[in-house]
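Chain by chain, the residues run as shown.
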Amino acid sequence: MADVTIIGAGNMARGIGSRVVAADRSLEILTRDASKAEALAAELGGAVSGAVLDQKVSGKIVVLALPFDAAQEVVKSLGSALDGKIVIDISNPVNFETFDSLTVPAGTSAAEELAKLAPNATFVKAFNTVFAGNFASGKINGQPLDVFIAADSAEARSAVVSLVNDADMRAIEVGGLHHARELEGFQLLHMALQVNPAYENFQWGSAIQIAG
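Parameters and conventions
Residues numbered from 1 in each chain as written. Predicted model: local features only at pLDDT ≥ 70, side-chain atom pairs only at ≥ 80, totals over all residues. Heavy atoms only, no water. Salt bridge = Lys/Arg side-chain N within 4 Å of Asp/Glu carboxyl O. Helix = DSSP H or I, 4+ residues; strand = E, 2+ residues; numbered from the N terminus. Buried < 20%, exposed > 50% of the residue type's maximum accessible area, 1.4 Å probe, protein only. Core = buried A, V, L, I, M, F, W, Y, C linked by side-chain atoms within 4.5 Å. Contact = heavy atoms within 4.5 Å. Arc of directions from axis to C-beta.

Student: Is there a simple way to think about the pattern of salt bridges in this case?
Tutor: If the charged atoms of two oppositely charged side chains come close together, the side chains can form a pair. Taken as a whole and judged by the stated rule, the model has 8 salt bridges. For Lys125, the salt bridge identified is with Asp89, shortest N-O distance 2.6 Å. You can see Lys125 sitting in strand 6 (residues 122-125) and its partner Asp89 sitting in strand 5 (residues 86-89), a full 36 residues away along the chain. The two residues Lys125 and Asp89 agree in class, both being buried. Measuring nitrogen to oxygen at the nearest pair gives 2.9 Å for the salt bridge that ties Arg157 to Glu173.

If you want it as structure tokens, here you go:
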């Protein structure tokens, strides 16, 4: 059994995985290609294992380190394997051709749409406003990264807050899961700045923080 399961083996999985290890939590990496999961597990070190993604998910907290479309497919395929789990959606449903709109309908969010697919899991929106490279240190300009957390369940929010704070970042609870809409909107604007030639110094290394 692992404390946390991360589904995916890309840059976000690597970044979040490094923070899970820093928080001294046991970690399971799952992907459809077991060799990629095992390679990332070896890279991260600590109490980390890698395996093929099937119907077994051991972590109480499950991080979908996947784009929105892929996350939808995985949630559907896992079905009841997510029952009783705290599932963190990190995706940003951005139109990557224009960086000018979200691909989910107005009045909803990627997190809310995913939650409909697994009604017996508890969904949390978190980590979506942090770019992968910043997770290595957990800091930006010497300050802990802000991780915004939205969920309807106070217990789920508390579990993710504990993980984030133990990983040397700063957890900020923003309320119910419907606030994923604002968090995804935040990151739409943030991502658009990365491709705006007026801000060429950002280079996918900036971060959204609350000062004060």
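Right, picking up where we left off after that structure.
Student: Looking at this structure, I do not really get the nonpolar core. What am I missing?
Tutor: Most often, soluble globular proteins keep nonpolar side chains buried together rather than apart. In this structure, Ile6, Ile16, Ile88, Val124, Phe127 and Ile149 are the most contacted members of the largest nonpolar core, which totals 38 residues. Going through the elements one at a time, strand 1 (4-7), helix 1 (11-22), strand 2 (27-31), helix 2 (34-44), strand 4 (61-64), strand 5, strand 9 (146-150) and helix 5 (154-166) are the ones with two or more residues in this core. Broken down by element, this core gets its largest block of residues, 5 residues, from helix 5. For Ile6, the contacting residues outside a window of four places in its chain are Ala13, Ile16, Gly17, Val20, Leu27, Glu28, Ile29, Leu30, Val63 and Ala65. By size, the runner-up hydrophobic cluster in this structure holds 24 residues, among which are Val75, Leu78, Ala110 and Ala111.

Student: So what exactly am I meant to see when it comes to unusual backbone geometry here?
Tutor: Among all residues except glycine, the phi angle is most often negative; among peptide bonds, the trans geometry is most common. Positive phi values are uncommon outside glycine, yet Phe99 reaches one of about 50°. A positive phi angle, close to 60°, is found at Trp204, a residue other than glycine. Turning to its location among the elements, Trp204 is positioned in the segment after helix 6 (180-194).

Student: When you look at the environment of Ala111 in this model, what are you seeing that I'm missing?
Tutor: The topology assignment puts Ala111 in helix 4 (residues 110-117). When the C-alpha positions of Ala111 and Ser91 are compared, they lie 7.9 Å apart, and in sequence the two are 20 residues distant. When near neighbours in sequence (up to four residues on either side) are disregarded, Ala111 contacts Asp89, Phe123, Lys125, Leu177, Ala180 and Glu184.

Student: I would appreciate a short explanation of helix 2 in the present structure.
Tutor: Residues spaced three or four apart along an α-helix point in a common direction, a consequence of the helix completing one turn every 3.6 residues. All buried positions along helix 2 are accounted for by Ala37, Leu40, Ala41 and Leu44. Down the axis of helix 2, the smallest arc covering the buried residues is 105°, so these residues share one side. Next to the buried residues of helix 2 lie helix 1, strand 2 and strand 3 (48-52). After helix 2 finishes, the residue Gly45 shows a positive phi value of roughly 70°.

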